[in-house]
Amino acid sequence: MENIIFALDIGTRSVTGVIVRRDEDSIQLIDYCMIEHEARSMRDGQIHDVPAVAATIKKVKESLEISYGSPLHKVCVAAAGRSLKTIEASATIDLTKFPIKNEEDVKHLELAALQAAQEKLGAKKYADSYQNYHCVGYSLLYYKLDKERIGSLIKQTGNEASAEVIATFLPKVVVESLLTAVKMANLEVEAMTLEPIAALHVLIPESMRRLNVVLVDIGAGTSDIAITEHGTVVSYGMVPLAGDEITEALSDQYLLDFPEAEKVKRKVVLENETEIEDILGFTSTITYDAFVDHMKDEINRLATVIAEEIKKLNGKAPRAVMLVGGGSLTPTIANEIAVNLNLPPNRVAIRGVEAIQQLQPNAAFPGGPLFVTPIGIAITAKERPVQYTEIIINEETIRLFEVNEQTIGDALIQAGLKIHNYYGKPGIAAMIKVNGKEVTIPGGFGESPTIYLNDEPATTETRIKQMDVIKLEKGRDGDAAAITLEELIGETKQIRVKFKDTSYSLGTIYTVNGKPKPPRYYVQDKDDIHWSRLESVQDFLDFYKLGRDVNLEFPIIVNQKKIDLPVGKTTILVNDKEATTETVLHDGDELKFTSAKTPIVKDIFEYLGKSDSYSIQVTFNKEPVSLYKPAYMVTNMEKILHNDSELHPYIRLTMKERETPFFVFQDVFRHVALDLTHATGNFKLYCNDERAGFDTPIHDRDSLAIVWDD
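Overview of the structure.

## A look at the overall build of the protein
Looking only at helices and strands, the protein features 13 helices and 45 strands. Relative to a compact globule of 710 residues, whose C-alpha radius of gyration would be 27 Å, the protein shows 52 Å and is clearly more extended. Each of the three principal axes of the protein carries a C-alpha extent, and together these read 180 × 65 × 45 Å. With 710 residues in all, the protein has 45% of them scored as buried. Contacts spanning at least 24 positions in sequence make up 64% of the contacts within the protein whose residues lie at least 6 apart. Accessible area of the protein: about 37300 Å², with a carbon and sulfur share of 48%.

## Topic: the environment of Lys-144
Position of Lys-144 relative to the elements: it lies in strand β8 (residues 133-145). Of the residues examined, Lys-144 reaches a relative accessible area of 26% and is grouped as partly exposed. Sequence spacing of Lys-144 and Glu-164 is 20 residues, and the spatial spacing of their C-alpha atoms is 8.2 Å. Residues within four places of Lys-144 in sequence aside, it is in contact with Arg-149, Ile-150, Leu-153, Glu-160, Ala-161 and Ser-162.

## Remarks on the layout of surface pockets
For the second largest pocket, the calculated volume is near 830 Å³. Taken together, 37 residues make up the lining of the second largest pocket; nearest its centre are Arg-266, Gly-325, Gly-326, Gly-327 and Leu-370. Looking at the lining of the second largest pocket, the elements with two or more residues in it are β2 (14-22), β3 (27-36), β12 (213-218), α5 (243-254), α6 (258-271) and α9 (372-383). In terms of residue count, the dominant contributor to the lining of the second largest pocket is α6 (6 residues). Its residues assigned to classes, the lining of the second largest pocket shows 13 nonpolar, 13 polar and 11 charged.

## Concerning the sheet that holds strand β21 (residues 430-434)
Within the open sheet, the 5 strands sit side by side as β22-β21-β30-β28-β29. Their pairing is mixed. Looking along the sheet, the strands with just one partner apiece sit at the ends: β22 (437-441) and β29 (515-517). Looking at each pair of strands side by side, their axes are set apart by 35 degrees on average, direction ignored. Here strand β28 (residues 508-512) pairs with β29 via 3 bridges, running antiparallel. Bridge pairing in β29 links Val-512 to Lys-515.

## Details of the pairing of strand β17 (residues 320-324)
The buried fraction of β17 amounts to 4 of the 5 residues, a majority that puts the element mostly inside the structure. The pairing of β12 with β17 spans 5 bridges and is classified as parallel. Paired with Leu-215 across the bridge in β17 is Met-322. Bridge analysis of β17 against strand β18 (residues 348-350) gives 3 bridges, and the strand direction is parallel. Counted as the bridge partner of Met-322 is Ala-349 from β18.

## A closer look at helix α4 (residues 195-203)
Owing to its 3.6 residues per turn, the α-helix aligns residues three or four sequence positions apart on the same side. Burial runs high along α4: 9 of the 9 residues are buried. Taken residue by residue, α4 has Glu-195, Pro-196, Ile-197, Ala-198, Ala-199, Leu-200, His-201, Val-202 and Leu-203 as its buried positions.

## Structural notes on the environment of Val-173
One can find Val-173 in helix α3 (residues 172-184). Here Val-173 falls in the partly exposed class, since its relative accessible area comes to 44%. Between the alpha carbons of Val-173 and Pro-449 there is a distance of 34 Å; along the sequence they are 276 residues apart.

## Side note on the pattern of salt bridges
Under the criterion given, the structure shown has 20 salt bridges. Where Arg-476 meets Glu-447, a salt bridge forms, and the shortest distance between an N and an O atom there is 3.5 Å. Separated by 29 residues along the polypeptide, Arg-476 in the loop between β25 (469-473) and α11 (485-489) and Glu-447 in the loop between β22 and β23 (450-453) bring together distant segments of the chain. The partner of Asp-455 in a salt bridge is Lys-471, with the nearest N and O atoms 3.9 Å apart. Here the residue Asp-455 occupies a position in the loop between β23 and β24 (456-458), and Lys-471 occupies one in strand β25, the gap between them amounting to 16 residues. You can call Asp-455 exposed: its relative accessible area is 58%. Here the salt bridges do not stand alone but share partners, grouping Glu-36, Glu-262, Lys-265 and Arg-266 into one network.

## Notes on the environment of Ile-432
Residue placement: Ile-432 occurs in strand β21. In sequence terms Ile-432 and Asp-527 are 95 residues apart; their C-alpha atoms lie 5.1 Å from each other. The residues touching Ile-432, leaving out its near neighbours within four places in the chain, are Lys-437, Glu-438, Val-439, Ile-441, Leu-488, Val-523, Gln-524, Lys-526, Asp-527 and Ile-529.

## With respect to a nonpolar patch on the surface
Nonpolar side chains collect at one region of the surface, where Leu-255, Ile-279, Leu-280 and Phe-282 lie side by side and expose about 450 Å² of accessible area between them. Inspection of the secondary structure assignment puts Ile-279 in the loop between β15 (273-277) and β16 (283-287).

## Some words on the sheet that holds β18
Pairing in this open sheet of 5 strands is mixed, and the strands run β14-β13-β12-β17-β18 from one edge to the other. If you trace the sheet from one side to the other, it starts and ends with β14 (232-239) and β18, each paired once. Between one strand and the next, the sheet's axes are offset by a mean angle of 20 degrees, whatever the strand orientation. Each of β12, β13 (223-229), β14 and β17 is contacted by α4, which is oriented at about 55 degrees to β13, the strand it contacts most.

## Quick word on helix α13 (residues 601-608)
All of the buried residues along α13 are Val-601, Asp-603, Ile-604 and Phe-605. The inward-facing, buried residues of α13 abut β31 (555-558), β32 (561-564), β38 (632-636), β39 (639-641) and β40 (652-657).

Analysis parameters
Residues numbered from 1 in each chain as written. Predicted model: local features only at pLDDT ≥ 70, side-chain atom pairs only at ≥ 80, totals over all residues. Heavy atoms only, no water. Helix = DSSP H or I, 4+ residues; strand = E, 2+ residues; numbered from the N terminus. Rg over C-alpha atoms; globule rule 2.2 N^0.38 Å. Buried < 20%, exposed > 50% of the residue type's maximum accessible area, 1.4 Å probe, protein only. Contact = heavy atoms within 4.5 Å. Areas by Shrake-Rupley, 256 points an atom, 1.4 Å probe, with all protein chains shown as cover. 1 Å grid on protein atoms, 1.4 Å probe; cavity = no way out; pocket = protein on both sides within 12 Å on 5 of 7 lines; lining within 4 Å. Points joined across faces, edges and corners; volume = space filled by probe spheres on them. Nonpolar A, V, L, I, M, F, W, Y, C, P; charged D, E, K, R; others polar. Pairing = 2+ DSSP bridges. Axes fitted to C-alpha atoms, helices over the stretch in contact; angles between N-to-C directions. Salt bridge = Lys/Arg side-chain N within 4 Å of Asp/Glu carboxyl O. Patch = residues over 30% accessible without salt bridge, like charges linked within 9 Å, V, L, I, M, F, W, Y side chains within 5 Å.

In C-alpha cells, the structure reads:
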C-alpha cells in the first residue's frame, strides 16, 4: 500500500475517485469511480451542503473499496480552482517622499498593491474580511510613472509611481468545508493541492514552465485557468461558464430536460449522432453537424469569455493553451479559443491522460481529458502537498497556506502588515523666501524598513520555512531640511579681474534676513534670502564703489529736454576692447577706463547734427575768404555762451535759432588782414567789378576788391 494513492476530485456535478500506483519511474491507474451528486450540494466549487457531499464521497469510497478489495483510509484532495477569487488593484507612492532606489523598493510597492487587492476583496459582498482568504498568487500587470505606463521604476524621477497587480485568493471556508466533508466520509486527508496545480503538474513538466503556457480545465459549471512563465505558475483565474452552458442551450433548442440534454450532448460528441424524444413526445435525430450549427453561438460565447480572461490574467496572448476536463470535448471549442487569442489552431489543444508522462496505457480505463485532473491530484498532492506553515512576525504567529515556496513578502501579506507604514517619515521641510518667491525645501527621505529573518538581514523575496521568526523594523525618519546657500542657489563660481594693477574678486553675494551670509550658511525655516550674481562691469563698479571714477553719462538740459553727451563719458575697455557697463566679465579679464574730456557748447551742435553758424565763400583781392555768422544763440541763465564755453552735468541751456543773416562788404574786414603801411591816397571798393560801399550786400561766391589811388 506504500505506493498506492487514493485521490478524490470533488466537482460541482460529481465526485471522481481514482486509485493510482506510483512507482519510481511509472504511474499506473488501478481503479476509478465517478458518482454524481444527488442534489445541488456544491456550487461553483464550494461545498454548500457538507453532509450531502460527504455522502457522495462515502459512496465513491465504498465502491472503490469493493472493486479494489481493500479498505481506504487516507485520501489526497484538491481545493477547487473555481473557488478562487481574482482581484485587480493598484498602489501609488509619492516619489518626492519615497524615491525608488532598488528592486526591494519596487517589491514593497507591489506588496502595497497586493494589500490593496486584499482590502478590495474584503469590501466585496462575499467577503467579511480579507483575513478569511489565502493569497495563492499574483502577477504584475504594469507600472506607471506620473500616470504613464513604464517598464521600470528604479531611479526614475517624477511625482508619483504606481503598480497594478492581479491577485488570486482562495476562501479559507473552501478548505475547511472540504476537510470536514472528507472527515465525515470516514477518511483522513493525506495531502491537499489546488486543482489547477494538479492538472498543470502532470501535463507541463518544470522544464517547460519557462514558457508562457495556459492550462484551462473546462468543467460543468466553471472553467479554471492556470498560467506558467519563468519556471513557475504566475497566475490563476476562473470564469463562471463551462459545459453546462452548452447543455442548457441544447435543452432549450430541442425541448429536453437538463439531465436528458446532458446525456444527448455526450452521446453526440462520442457517437456523432443520436435519437431524442422531446417533452412533447416527438422523436428526431441530432447529427454532430446539426449540433455544432445550433450551438455555435453558445460555443463561441464560452470560447470568447475564456480567451478574454486569459488575456486579462496574462496581459497578452500566451504561447500555447492546453484544454482538459469534460467541457473541453465541446465541439470546435479549441478552434474558437485559438481564433479569439489570435493563435494558430495547432497552438490550442485538448490534452488527455495519454499526455501524462510515465502513465502506463491501459485500455480498460477511459482516456481523454476527463481524468487528467483526478490523476494530477493523486500525483501532485503527494509530491507537492499544500501545507500550512506557521511563522512568527513581530511576535505574532501567522499561518500561511503554502501553495508555492513562501517568501517573507507572502507572510507580510497574510499578516496584514502594510509595509509602507514602516517607512521612515520624511524630515521636516523648511519654508523660505528666495528673492521674494516662496520656496519649500524638503526634508531628507525616510529610510526603508529593515527586515530580519531569524535575526539575519533579509528581503521580501527571502524564502521562509516552518516556525521562522520575522522582524519588521521601522526605517529611520529623514533628517530635517539641511541645505547651504550655495547648494540652494546652484553654481557660485568666483572670478578675478584686474583693475589698475589690483586683483578684484567677483561672484555671488547673499543676504539672509537683511544680513550678509557666507555661501556655506545652512538655510533655516522662514529665512528671507536675497542673492545676486556679480558678473558685469556695472556689478563691479557698484560692489567696489568705483562709480566716482567713471562718468557713465553726461546729461544736460537743452530747451527743457535731457540729452546725454557722449563726449563727456568715460570709455570702458575690457582686455583693451571697448565695452559697456552690461559687458559680462570672465575670470582673468583686465578692466580699464579712459578719462573723459570736458564738453563745450560746440559739442552740442555736433551731437544734434546741426551747424552752429551760417557761412558764405567769397574772394577778396583774388584770395578766398570764408565769412561766418552765428546760427543760434545759446544762453545759461540769460548769459550768452560761446562755442568754446565749457559745460557741466545737468546745465540748463536755452538754444534759440537766429534769423537768417545777410552779409555786407564791411564783414569781410573781420576775416582779412589789410597791410596799410604803404597805403596812400584814396581807395575804392568793388563787388563783382562794380563800385560798392561798405554796406553793399554780398553773397556766396562774390568777388570783392579794394583799390588804392596812386
